[in-house]
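Topology and contacts: notes
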Amino acid sequence: MKIRYNKNSCIIEPLCESLDRRNCKYLFKVLSEEAGSVGLDLSCVQDCSADFCETLIEFSKKREIGIFNITSDVFALFNIMNIDKSVNLFVNEIDFEENTRRLINRKFSCV
């Protein structure tokens, strides 16, 4: 796990390809200890378990978190589980730092 500190935020990058129960538990332990704005860089992550998604939703109720550099497979899972409703999703680190251009799934339909 790689931790970087910017002006007023902490960015954590898990270096594992899969976020399973064991990695999830350690990751959220580290996230809860950080102060200020917390960002999660998922550029190395190719797969995440349901435990990660459920823990992410519970963690977001206590504290605001931003996620960026999401791979397409993980992003599809986030959209299915409606994680964009509780967590701020961004395309890249610059958008996270500026808190602009959030990714939102609007679920339009033709009538």
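Everything below is about the structure shown above.
Below: a short report on this structure.

Scoring rules and cut-offs
Residues numbered from 1 in each chain as written. Predicted model: local features only at pLDDT ≥ 70, side-chain atom pairs only at ≥ 80, totals over all residues. Heavy atoms only, no water. Helix = DSSP H or I, 4+ residues; strand = E, 2+ residues; numbered from the N terminus. Buried < 20%, exposed > 50% of the residue type's maximum accessible area, 1.4 Å probe, protein only. Contact = heavy atoms within 4.5 Å. Core = buried A, V, L, I, M, F, W, Y, C linked by side-chain atoms within 4.5 Å. Phe/Tyr/Trp six-rings, centres within 6.5 Å; stacked < 30°, edge-to-face > 60°. Disulfide = S-S within 2.5 Å.

Section: the environment of Leu19
- Checked against the element boundaries, Leu19 lands in strand β3 (residues 18–19).
- On the accessibility criterion, Leu19 (1% relative accessible area) is buried.
- With 46 residues separating them along the chain, Leu19 and Ile65 place their C-alpha atoms 17 Å apart.
- Not counting the four nearest positions on each side in its chain, Leu19 is found in contact with Pro14, Leu27, Leu42, Val45, Asp47, Cys48, Ser49 and Phe52.

Structural notes on the nonpolar core
- The biggest cluster of nonpolar side chains holds 25 residues, and the ones touching the most others in it are Phe52, Leu56, Ile67 and Phe78.
- Of all elements in the fold, only β2 (9–13), α1 (21–33), β4 (37–41), α2 (50–62), β6 (65–68) and α3 (72–80) reach the threshold of two or more residues within this core.
- Ranked by residue count, the leading element in this core is α1, at five residues.
- With near-sequence residues (within four places) excluded, Phe52 lies in contact with Leu19, Cys24, Leu27, Phe28, Leu40 and Phe78.

Observations regarding the packing of aromatic side chains
- Under the definition given, this model contains five aromatic pairs.
- Their ring planes at 55° and their centres at 5.4 Å tell us that Phe28 and Phe59 sit as a pair that is tilted. Of this pair, Phe28 sits in helix α1 while Phe59 sits in helix α2, placing them 31 residues apart in sequence. Taken as a pair, Phe28 and Phe59 share a single burial class, namely buried.
- When the centroid spacing of 5.5 Å and the interplanar angle of 25° are considered together, the rings of Phe68 and Phe96 count as stacked. In this pair, Phe68 is assigned in strand β6 and Phe96 in helix α4 (residues 93–98), connecting sequence segments 28 residues apart.

Concerning the state of the cysteines
- By the definition in use, this model includes zero disulfides.
- Free cysteine: Cys10, not disulfide-bonded; nearest cysteine sulfur from Cys44 at 16 Å.
- Here Cys10 falls in the buried class, since its relative accessible area comes to 1%.
- There is no disulfide at Cys48, and the cysteine sulfur nearest it, in Cys53, is 4.2 Å away.
- Judged by relative accessible area, which is 7%, Cys48 ranks as buried.

Considerations on unusual backbone geometry
- One non-glycine residue, Asn69, adopts positive backbone phi at about 55°.
- Structurally, the position occupied by Asn69 is in the loop between β6 and α3.
- In this model, Arg101 sits at a positive phi of 55°, which is unusual for a non-glycine residue.
- Overall, the relative accessible area of 55% leaves Arg101 in the exposed class.

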